[in-house]
Amino acid sequence: MTTLAGLMMLSVLLACAGAALITRLVGSGDALIERAVAPHLAQLHSGEVDDREITEFTAAHPEITAHQVTPLLGIDGAQLFFDGTSQSSSVQQNSLMVPERERDLLLDMRDRPLTDVEPGTVWLPLLYEGSGLTVGSTVTVIAPDGFRRELEVAGFLRDAGMGPAIAGSKRLAVSAEDLAVVAEGPVAALVLLAAAMVLVIGMLSLRLALRTSLERDRREIAVMTAIGISARDVRTLHLLVYGTLAAVAGLAGLLGGTALERVLSAGLTRFLGETGGAGVVLIPAAVSLLLVLGVLATAASLLRRGGSAPLLVTVFAVCTLLVMVPTSIATTLASPQFSAYFGLGAADVRIDLPYTGKDSTSRFESARSALAGDARVAEHTALVTTRHLVETDEGEELGLAVSSGDRSATPGVYTDGRAPRSEGEIALSLLSLAEAGVSVGDRLPIQVQGQWSELEVVGSYQDLTNGGRTARGMLPTEGEQVIGYVFGAAVVPGAETAAVAGGLSAQLTEARVSETEVYRTQLLVSVGERIDAAAALAAAVAVTLAALLAVLISRLWRATDAAPLSIQRALGASPLTLRAPYLTRMLVTLVLGLAVGAAFSLSLGQGLFNLLIEGMFGGMEHLFQGTSRIDLVLDPL
């Protein structure tokens, strides 16, 4: 009974934690905002913030009556688009924020506090109304990890602190939900995926646990039936026992699940504050009640003997999936091969040079000369990214970032076809391929130097930059709208990559020079840390469940074979002889479960991971269209 109660509680705990996390994510935009009170002094800060130090400072200065720390999610100009136009050349530093609750609030055009931003919408500073944007315009945000989010302009606001054009920073008001999606989308999706698998394990385990307990009680059932107690009364008595047990486990699981949810959502609540309201408790309570009722229904249906081996193999297989899939996702993000999905191939050093005006061309040539003149650089790639209009198969125009240049020095990996070799050829990212409605071998209408022409699509590739919507070509760039420049350099054998990057950084002061691995790490460091934590938690839960199941199944087998075991003991069989068949069955079942789980990790796990990427970058309309083909680096440990 103790093991059964523990397993019931663990299943309810995991289910309630998952339900509360979903509720918190869905309801994260329900924040009540009060009327604005502009601060006398504002200070922008990048990096870690010590709230305690700030509090001590304000306490030591009685002239400061109040203070607050407002989280801002900075968006680089190259990752922000107004009606498809990149803001890479803008002098403004734009940041996403959820409107504050007490001070420094944002006001609408009627000077009312902006208290409700609908999910999927954005409020822009009044300054941007003069640039041609209107209510209904589209703002596209691309997170540092490549995740894309499109928002509709719902209105314009007055910002007392950062509204004037002379202020170099601007705040864009979004819902807490949209801020959560941009900041924490990949992590939340992985946590929910793991929670779903854990819930499946929990329900299968509950069925097995109930079967084990009922098998052990079968003698008592037979005795009660023999002394004249009706089958209905016997069933009622056992349902009462299991119902009481399930109710206690359900309550304990609800309390534990609520506490666990706080751990799982720590990244969200730290960034956004408390969200979700009463639903964070009420919905898990409803889930707990449903699971208790499910236990009773399962117990009622299991008052007969049934096989347990197939069920145990299934549970071990799902446990294996729960360990391997999250761990492999974390391993994939940390793998050097993952750098290939950031626009460059096998480069050791990456150089990003923003476009700031006509002088950018000379800076581009200077950077190219610096690479060519560095003896430590074996070969390099110089790419110019320009914006072009392409025509989809439905006749619609689509803005596309095309990087042009010779990529032979740092070739990339193509899922189909090859790299372009002439001005008449182009390669599209998988998402661009789907949105344009073309395939490799088709011809794509594209506007080049003001004229429409058709280029042959010769290849497709995986890309996580610019929201996954990119193209590669050998197009002329003179007179085009330049977005920026990217260089990739391969160092000579024996040269230290860090030293090469440091030297180039000193020469190219206006460029961002970094080792390719450092670049990948910095982009994914916050996401990677949270995914590592989620994977470790999932693995711990899977091992715990597998251990409990091993105990349960051994008890079930011994209860089922109680009579034969008694006879063998009476005939002098040793304990080792009696245990040997069960150990063999357990090992065979475990091996089968591991094999099935590993096989599904190779197919289902990678499919789920790519489906996750498809939904993050392309949205629901691009699910199951093959817009992501990232190879999962499997790691069972």
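Values in this document were obtained by computation on a predicted structure and should not be read as measured data.

Asks: Describe the overall build of the chain, with residues and values.
Replies: Across its full length, the chain holds 14 helices and 18 strands. The 637 residues of the chain split such that 49% are buried. Relative to all contacts within the chain whose residues are 6 or more apart in sequence, the contacts with residues 24 or more apart total 79%. Just so you have it, the chain exposes about 29700 Å², and 59% of that area is on carbon and sulfur atoms.

Asks: So what about the confidence of the model for the chain? Which residues, and what values?
Replies: On average, residues of the chain carry a pLDDT of 76, and 72% of them reach 70 or more. Below a pLDDT of 50 lies the segment residues 27-37, which in the model reaches 34 contacts outside its immediate sequence neighbourhood of four places, other chains included. Counted against residues more than four places away or in other chains, residues 164-168, with its pLDDT under 50, gives ten contacts.

Asks: Account for the packing of aromatic side chains, naming residues and giving values.
Replies: Summed over the entire model, instances satisfying the criterion amount to four aromatic pairs. Ring centres of Phe82 and Tyr128 lie 5.1 Å apart, and the angle between their planes is 65 degrees; this geometry places the pair in the edge-to-face category. With a gap of 46 residues between them, Phe82 in strand S2 (residues 80-82) and Tyr128 in the loop between strand S5 (121-125) and strand S6 (138-142) connect regions that are remote in the sequence. Each member of the pair, Phe82 as well as Tyr128, carries the same accessibility label: buried. Centre to centre, the rings of Phe364 and Tyr485 are 4.7 Å apart; their planes meet at 25 degrees, and the pair counts as stacked. Of the two residues, Phe364 is situated in helix H9 (residues 360-372) and Tyr485 in strand S17 (residues 481-491); the sequence distance between them amounts to 121 residues. In terms of burial, Phe364 and Tyr485 fall into one category: buried. Clustering of aromatic rings is evident, with ring pairs tying together Phe364, Tyr485 and Phe487. Its end group placed over the ring of Tyr461, Arg472 keeps NZ or CZ at 3.8 Å from the ring centre.

Asks: Describe the side chain of Arg407, and please don't skip the residues or the numbers.
Replies: Examined against the element boundaries, Arg407 turns out to sit in the loop between strand S11 (397-404) and strand S12 (416-417). Although buried, Arg407 forms no salt bridge, and the nearest oppositely charged side chain, Asp463, lies 6.8 Å from it. Setting aside residues no more than four positions away along its own chain, Arg407 makes contact with Gly343, Thr381, Leu383, Tyr414 and Arg472.

Asks: Mind laying out the pairing of S17, listing which residues take part and the relevant values?
Replies: The buried count for S17 comes to ten of eleven residues, which makes it a mostly enclosed element. In this sheet, S17 lies alongside strand S9 (residues 349-354) in antiparallel orientation, the contact comprising six bridges. Bridging across to S17, Pro354 finds its partner in Gly484. Across ten bridges, strand S10 (residues 377-391) lies against S17 in antiparallel orientation. Each bridged residue has a counterpart across the sheet, and for Thr385 the counterpart in S17 is Gly484.

Asks: Give a description of the pattern of salt bridges that names residues and reports values.
Replies: Within this structure, the stated rule accounts for nine salt bridges. The salt bridge involving Asp352 is made with Arg350; its shortest N-O contact spans 2.9 Å. Each member of the pair, Asp352 together with Arg350, is buried. Where Arg443 meets Glu454, a salt bridge forms, and the shortest distance between an N and an O atom there is 3.7 Å.

Asks: Now, about a nonpolar patch on the surface: what can you tell me, with residues and values included?
Replies: A contiguous nonpolar surface patch, about 320 Å² in accessible area, is contributed by Leu289, Leu290 and Leu293. Turning to its location among the elements, Leu290 is positioned in helix H7 (residues 279-301).

Asks: For the nonpolar core, give the residues involved together with the corresponding values.
Replies: Val349, Ile351 and Phe487 are the most contacted members of the largest nonpolar core, which totals 21 residues. Top element by residues in this core is S17. It accounts for five residues. Beyond its immediate sequence surroundings of up to four residues, Val349 is in contact with Phe487, Gly488, Ala489, Val491, Thr497, Val500, Ala501, Leu504, Val513, Ser514, Glu515 and Thr516. In this structure, Leu312, Val323, Ala542 and Ile553 belong to the second largest nonpolar core, which totals 19 residues.

Asks: So what's going on with unusual backbone geometry? Residues and values would help.
Replies: A positive phi is found at Asp83, a non-glycine position, where the angle reads about 50 degrees. Mapped onto the elements, Asp83 comes out in the loop between S2 and strand S3 (85-86). With phi around 50 degrees, Gln449 is a residue other than glycine that occupies positive phi space. Along the chain, the position of Gln449 falls in the loop between strand S14 (443-448) and strand S15 (451-461). Looking at Gln449, the relative accessible area reads 44%, which means it is partly exposed.

Rules and cut-offs
- Residues numbered from 1 in each chain as written.
- Predicted model: local features only at pLDDT ≥ 70, side-chain atom pairs only at ≥ 80, totals over all residues.
- Heavy atoms only, no water.
- Helix = DSSP H or I, 4+ residues; strand = E, 2+ residues; numbered from the N terminus.
- Buried < 20%, exposed > 50% of the residue type's maximum accessible area, 1.4 Å probe, protein only.
- Contact = heavy atoms within 4.5 Å.
- Areas by Shrake-Rupley, 256 points an atom, 1.4 Å probe, with all protein chains shown as cover.
- pLDDT = per-residue confidence, 0-100.
- Phe/Tyr/Trp six-rings, centres within 6.5 Å; stacked < 30°, edge-to-face > 60°.
- Lys NZ or Arg CZ within 6 Å of the ring centre and 35° of its normal.
- Lys, Arg positive; Asp, Glu negative; His and termini not counted.
- Salt bridge = Lys/Arg side-chain N within 4 Å of Asp/Glu carboxyl O.
- Pairing = 2+ DSSP bridges.
- Patch = residues over 30% accessible without salt bridge, like charges linked within 9 Å, V, L, I, M, F, W, Y side chains within 5 Å.
- Core = buried A, V, L, I, M, F, W, Y, C linked by side-chain atoms within 4.5 Å.

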